[in-house]
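Next come the chains, spelled out residue by residue.
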Amino acid sequence: QHQQNYSTIINNYLDGAQTGSTERLTPGGMHFRDSKRKVDYVLAYHYRKSTSQSSGGSPSLSQRPPSLAIISNGETAKTSPDAEVIDLGPLEALEEAKREQRKEFESNLMEAGLEIEKDAENKTQGLSFVRIHAPWNVLSREAEFLKIKMPTKRTYEITEEMGIVNKLSEIWQKFTKPLQPKVPQQNTTRMKHLSYPFSREKLYLYNIQDKDTFFDNATRSRIVHEILKRTYTTKAKNSMGINTLIANNVYEAAFPLHDGEYDGENKEMNERKLLYQEWARYGSFYKFQPIDLVRKYFGEKIGMYFAWLGLYTEFLIPSSVVGIIVFLYGCLTIESDVPSKEMCDQRNAFTMCPLCDKTCDYWNLSSACGTARASHLFDNPATVFFSVFMALWATMFLENWKRLQMRLSYFWDLTGLEEEEVREHPRPEYETKLLQKKSQSEKCKKDEKEKLTWKDRTPGYLVNFASILFMISLTFSLVFGVIVYRITTAAALSMSPNESTKSNVRVTVTATAVIINLVVILILDEIYGMVAKWLTEMEIPKTEKTFEEHLIMKAFLLKFVNSYAPIFYVAFFKGRFVGRPGHYVYVFAGYRMEECAPGGCLMELCIQLSIIMLGKQLIQNNIFEIGVPYLKKLFRKLKDERPEAKTNESDPSKPPQQWELDHALEPFTGLTPEYMEMIIQFGFVTLFVASFPLAPVFALLNNVIEVRLDAKKFVTELRRPDTVRAKDIGIWFNILSGIGKFSVIINAFVISVTSDFIPRLVYQYAYSHNGTMHGFINHTLSYFNVSDFKAGTQPEASSFEEDVSLCRFKDYREPPWSENQYEFSKQYWTVLSARLAFVIIFQNLVMFLSVLVDWMIPDIPKDISEQIKKEKSVLVDFFLKEEHEKLKLIENFITRDKQRSKNETRGRRLRAASFCQFNRSQRGSLTSFSSHHTDV
């Protein structure tokens, strides 16, 4: 009977599809063939009929009589003599098993109350769609089960803050009115509907004008998706949900429909077209984002991402302005910088020691004048202020995000959302592993609920630990390989007979090494993303949330090390282990460790950071996010245009339906890549900002494009994602907070160790005779007696006219005429102690200011906390009023019923009395009649 009902409900549309015409299809493809019931969800699958089905000589598998035996792999079975045995190959048996699983799954969906419409499988093989509609009784039942908050009849006024804050807010709204998108905003009115979790027993509370439109499309698809995730199929080993069936290739895809086309000829406006016109076009880059509409269409989780990205981009504006001011300060003060003047003054004639053995000659420090002047652009006192500013900026950004997050939670009715309300179903891989464990463990009781323990996950954890260590070691090995390349290339170019090549050795080596680093980082980023997913799957997390959190942590760790390892090397290790003339440190017994440029390593750090940051943004945005999806779309188009593909297509004259258009789009795979790209950029902006004050400027320019790029991708290139409720951005906030705190330490070390800020400060206040920077360059250079060179390392042919007896090198060491020649001098230890003291003072000061800012800015805005309290009291009053009216109606009904019963009793008595009187009169008339008759 169950299968008969299934066939009846399904086939009543199959028959219409086979005999009818395309006129029965709705133009937009958003409804069933009756043009009344809305398509809330779509399942897609590929089918392939067996040879016996396609030949037409034998009945189809669904129409075979029960006496027919189906034997796979050519095996025989004991059947009745009249039974016909049909051999199925392995592929045909697999297709038959999938068909049976689909049949049972769809039957179970109908038992849950859903209504289904299927396409006819009238070809040998092809793509078929199952369209699902949720009627009112299912929507109301599931909305109550999921505790979905719905607007009630009661509205209340949102009180705004008074005073100067309100005045500034009004001025800002008037000023930014041209930047507002032309969409219906939910937060522009001062009235808000009171929301309450849906209850079928309290339908009188809700403003239900039309049952078909009371639940919007996103809520309807979310409800259907919840049913799909928890529906069992016994033929698939009792596995739960659509995710398992998709993993087993029973279905190919499951997705909700977009709200029609976004750029078609149809002039009818829908939310998707509205989002495209006002949000997802590059021409709308200057407008604010319609966050409420984004949340309504895509759900709270995606809405939170774009709200966070928008706030982050807005906060980059003041940091970019300050960064430009710091850079301009460096440009304006470059002419008054005494150390760079001394370095460029050729009259000083500082003869420097050779940069390499044998082939390199002595050189004048004035030849590095350009590098010294360029270093001042980023190595000046203003960068210290900018580092403090950016540390406080990061704290203020996170605090303001918490406030905005709370505000959005209030307006999106997420304030009462608890973890247990967001129901998580087991992942297909977890169920498969659990089934394997159940089949292997025969000792456990049948009633015992089986689950995976730490013993089951231990092999996965060990592989994870070993693999992550290997990947980090691989990153460090590649960085070391680039270092070897720099050293060997510099040595090779130094032997060149061409003088121009020799003079540009440092520039050539630095530029090519940074490009190699960039290419390696981009390649490893893609590899590490796949490796992180594979490692997370080995852990067998139970739910999607746990899986996502573990994946994020692994991917972030690997990509963080990959992106920042070359930068950390230049900032803290390059030039620290060089040695000194006559006692250099060698690599591979012939190549000296590379040194920093005469102006310090900060300039090279700036070059390294800028090229890697800009390269990642440009290449990832233009190639990975634009080029790759375009190539995929082109490949699918060419694949669909093949002759063998066209033979299985439907009638080309029939207009494509919305589910066919959406199936051709790319599936949504999560927000992790988008968040990861922005988090890595946040690290570039905050971690080494002391060396590159223009980093926020380039991040801002990138994000203005990134917002529209992501918006266009979600609206035009991806299938509509399932709506997911989320009241925050999850583990990403913890990562942001960690980067913000780590950036304080990193910038403290960059200022104290990498830059010359501390040596200059120590010289000016401890060693300068007149309190100025005159003589600073001479103070930082030590003397070396050329006769102390090791044999075979001194220059073979020197171009210097005079014989050089002493050369200079950058370090704080005792001169050769001292008793402790070439040992670290007193100045070295003074500078080292000052550097460590600066790190401690800077770190504690900035941390204290960050905590102070955190304390001064409340996490919950005052007006929102008051509105939440007001909403609770209004909700109680509303309930009491509704219940009071309900009781009054009941009392009126009872009173009316009593009055009616009294009236009915009185009426019965009157009718009885009149009836008795009527009987008496009838008897009297009969008596008189009989008497008259007797007289006659």
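Note that the structure is a prediction, hence the values are computed from the model and not measured.

## Quick notes on the overall build of the protein chain
For the protein chain, the helix and strand inventory stands at 29 helices and 18 strands. Burial status across the protein chain gives 47% buried among its 936 residues. Pairs at least 24 residues apart make up 78% of the contacts formed inside the protein chain by residues separated by at least 6 positions. Counting every atom, the protein chain has about 49,300 Å² of accessible surface; 58% of that belongs to carbon and sulfur.

## Observations regarding the state of the cysteines
Tallying each qualifying case throughout the model produces 4 disulfides. Shown here is the disulfide that connects Cys353 with Cys807, its sulfur atoms set 2.0 Å apart. Its S-S torsion of about 80° marks the bond between Cys353 and Cys807 as right-handed, since a negative value means left-handed. Note that Cys353 is positioned in the loop between β11 (351-352) and β12 (363-364) and Cys807 in strand β18 (residues 806-810), a separation of 454 residues in sequence. For the pair shown, Cys353 and Cys807 are each scored as buried. Across a sulfur-sulfur distance of 1.5 Å, Cys596 and Cys601 are joined as a disulfide pair. Here the disulfide of Cys596 and Cys601 is left-handed, its torsion about the S-S bond being about -85°.

## With respect to the sheet that holds strand β5 (residues 125-133)
Strand order in the open sheet made by the 4 strands is β4-β5-β1-β10, with antiparallel pairing throughout. Two strands lie at the open edges of the sheet, namely β4 (115-118) and β10 (253-255), each paired on one side alone. On average, adjacent strands in this sheet sit at an angle of 20° to one another, irrespective of strand direction. In this structure, strand β1 (residues 41-48) lies alongside β5, joined through 8 bridges in antiparallel fashion. Directly across from Tyr45, in β5, lies its bridge partner Ser128. Sheet strands touched by helix α7 (residues 217-230): β1 and β5. Its angle to β1, the strand with the most contacts, is close to 50°.

## With respect to the nonpolar core
The biggest cluster of nonpolar side chains holds 157 residues, and the ones touching the most others in it are Leu43, Ile132, Trp308, Tyr312 and Phe688. Here this core spans two domains, since at least three of its residues come from each of domain 1 (33-48 + 90-148 + 202-257) and domain 2 (275-359 + 388-435 + 455-638 + 660-760 + 835-856). Counting 13 residues, the second-largest nonpolar core is a separate cluster that includes Met343, Trp363, Met773 and Leu781.

## What to know about the environment of Glu544
Considering the arrangement of structural elements, one finds Glu544 in helix α19 (residues 544-573). The sequence separation of Glu544 and Pro426 amounts to 118 residues, and the corresponding C-alpha distance is 7.5 Å.

## Re the confidence of the model for the protein chain
Averaged over every residue, the pLDDT of the protein chain is 79; residues scoring 70 or more account for 80%. Per-element averaging of pLDDT across the protein chain places strand β2 (residues 69-72) at the bottom with 29 and helix α11 (residues 300-332) at the top with 93. Predicted confidence is poor over residues 54-86, with pLDDT under 50, and the contacts of this stretch with residues over four places away or in other chains come to 36 contacts.

## Focus: helix α28 (residues 826-856)
Along an α-helix, residues three or four apart share an orientation, since each turn contains 3.6 residues. The first and last C-alpha atoms of α28 sit 45 Å apart over 31 residues, in line with the 45 Å expected at 1.5 Å per residue. Restricting attention to buried positions, one finds in α28 the residues Val831, Arg835, Phe838, Val839, Phe842, Val846, Ser850 and Val853.

## Some remarks on the pattern of salt bridges
For the structure shown, the criterion picks out 34 salt bridges. The salt bridge involving Glu142 is made with Arg230; its shortest N-O contact spans 2.5 Å. Remark: Arg230 occurs in helix α7 and Glu142 occurs in helix α4 (residues 136-146); sequence separation between them is 88 residues. For Glu142, a relative accessible area of 2% corresponds to the buried category. Residue classification places Arg230 among the partly exposed residues on the basis of a relative accessible area of 27%. Here Lys554 and Glu539 are joined by a salt bridge, their closest N and O atoms 2.5 Å apart. One end of the pair, Lys554, is in helix α19; the other, Glu539, is in helix α18 (residues 505-539), and 15 residues separate them in sequence. Judged by its relative accessible area of 9%, Lys554 falls in the buried class.

## Digging into the environment of Gly260
One can find Gly260 in the loop between β10 and α9 (271-278). Classification of Gly260 as buried rests on a relative accessible area of 11%. Distance in space between the C-alpha atoms of Gly260 and Lys273 is 7.9 Å, their sequence separation being 13 residues. Excluding its chain neighbours within four sequence positions, the residues that come into contact with Gly260 are Met30, Asn270, Arg272 and Gln658.

## Quick notes on the packing of aromatic side chains
How two aromatic rings sit relative to each other is given by the distance of their centres and the angle of their planes. The tally for this structure, following the rule as stated, stands at 53 aromatic pairs. With a centroid separation of 5.8 Å and 75° between ring planes, the pair formed by Phe298 and Phe714 is classed as edge-to-face. Highlighted residues: Phe298 in helix α10 (residues 291-298) and Phe714 in helix α24 (residues 695-717), separated in sequence by 416 residues. Judged by relative accessible area, Phe298 falls into the buried class, the value being 0%. Overall, Phe714 belongs to the buried group, its relative accessible area being 1%.

## Some details on a nonpolar patch on the surface
A cluster of nonpolar side chains, namely Ile515, Val519, Ile523, Ile527 and Met530, defines an oily patch on the protein surface of about 460 Å² accessible area. Summarising the element assignment, Ile527 is placed in helix α18. The class for Ile527 is partly exposed, based on a relative accessible area of 35%.

## Focus on the environment of Gly600
Topologically, Gly600 is positioned in the loop between β16 (591-592) and α20 (602-640). Classification of Gly600 by relative accessible area gives buried; the value is 11%. Linking Gly600 and Thr371, residues 229 residues apart in sequence, is a C-alpha distance of 8.9 Å.

## Structural notes on the pairing of β1
Within β1, 6 of the 8 residues are buried, which leaves it mostly tucked inside the rest of the structure. With 3 bridges joining them, β1 and β10 adopt antiparallel strand pairing. Paired with Leu43 across the bridge in β10 is Ala254.

## Topic: the packing of α19 against helix α25 (residues 731-754)
The N-to-C vectors of α19 and α25 enclose an angle of 10°; their axes lie 13 Å apart at closest approach. As judged from the angle between their axes, α19 and α25 are roughly parallel. Two secondary-structure elements touch here, α19 through Glu549, Ile552, Met553, Phe556, Phe560, Phe568, Ala571 and Phe572 and α25 through Ile731, Trp732, Ile735, Ile739, Phe742, Ile746, Phe749, Val750 and Thr754. In terms of residue class, the contact of α19 with α25 is made up of 15 nonpolar, 1 polar and 1 charged.

## Some points on α19
For α19, which comprises 30 residues, the first-to-last C-alpha distance of 41 Å matches the rise-based estimate of 44 Å (1.5 Å per residue) to within 8%. Tyr564 marks the point of greatest bend in α19, at about 45°, and the proline Pro566 comes within the next four residues. Taking burial as the measure, the 30 residues of α19 include 21 buried ones, the bulk of the element. Gly575 lies just past α19 and shows a positive phi near 80°.

## Some thoughts on the packing of α9 against α24
For any two helices packed against each other, one specifies the inter-axial angle together with the distance between the axes. Where α9 meets α24, the closest approach of the two axes is 10 Å, and the angle between their N-to-C directions is 160°. The angle between α9 and α24 falls in the class roughly antiparallel. Relative to α24, α9 is oriented so that their crossing is left-handed. Every residue of α24 that contacts α9 at Arg272, Leu275, Tyr276 and Glu278 is listed here: Arg708, Val715 and Thr716. Each residue belonging to the contact of α9 with α24 can be placed in one class, and the counts come to 3 nonpolar, 1 polar and 3 charged.

## Considering unusual backbone geometry
A positive phi angle is found at Ser35, which is not glycine, with a value near 60°. On the secondary structure map, Ser35 appears in the loop between α1 (2-19) and β1. The exposure class of Ser35 is partly exposed, given its relative accessible area of 45%. In this model, Asn249 sits at a positive phi of 65°, which is unusual for a non-glycine residue. Turning to its location among the elements, Asn249 is positioned in the loop between α8 (241-247) and β10. Owing to a relative accessible area of 53%, Asn249 belongs among the exposed residues under this scheme.

## Focus: the side chain of Lys574
One can find Lys574 in the loop between α19 and β13 (579-580). In this structure, Lys574 is in contact with Arg486, Tyr569, Glu594, Glu595, Cys596, Cys601 and Glu604, ignoring residues within four places of it in sequence.

Definitions and cut-offs
- Residues numbered from 1 in each chain as written.
- Predicted model: local features only at pLDDT ≥ 70, side-chain atom pairs only at ≥ 80, totals over all residues.
- Heavy atoms only, no water.
- Helix = DSSP H or I, 4+ residues; strand = E, 2+ residues; numbered from the N terminus.
- Buried < 20%, exposed > 50% of the residue type's maximum accessible area, 1.4 Å probe, protein only.
- Contact = heavy atoms within 4.5 Å.
- Areas by Shrake-Rupley, 256 points an atom, 1.4 Å probe, with all protein chains shown as cover.
- Disulfide = S-S within 2.5 Å.
- Pairing = 2+ DSSP bridges.
- Axes fitted to C-alpha atoms, helices over the stretch in contact; angles between N-to-C directions.
- Core = buried A, V, L, I, M, F, W, Y, C linked by side-chain atoms within 4.5 Å.
- Domains from an automatic or database assignment.
- pLDDT = per-residue confidence, 0-100.
- Expected span 1.5 Å × (residues − 1).
- Salt bridge = Lys/Arg side-chain N within 4 Å of Asp/Glu carboxyl O.
- Phe/Tyr/Trp six-rings, centres within 6.5 Å; stacked < 30°, edge-to-face > 60°.
- Patch = residues over 30% accessible without salt bridge, like charges linked within 9 Å, V, L, I, M, F, W, Y side chains within 5 Å.
- Parallel < 35°, antiparallel > 145°, perpendicular 65-115°, else oblique.
- Nonpolar A, V, L, I, M, F, W, Y, C, P; charged D, E, K, R; others polar.
- Bend = angle between axes of the 7 residues up to and from the residue.
- Left-handed = near helix turned anticlockwise from the far one by under 90°.

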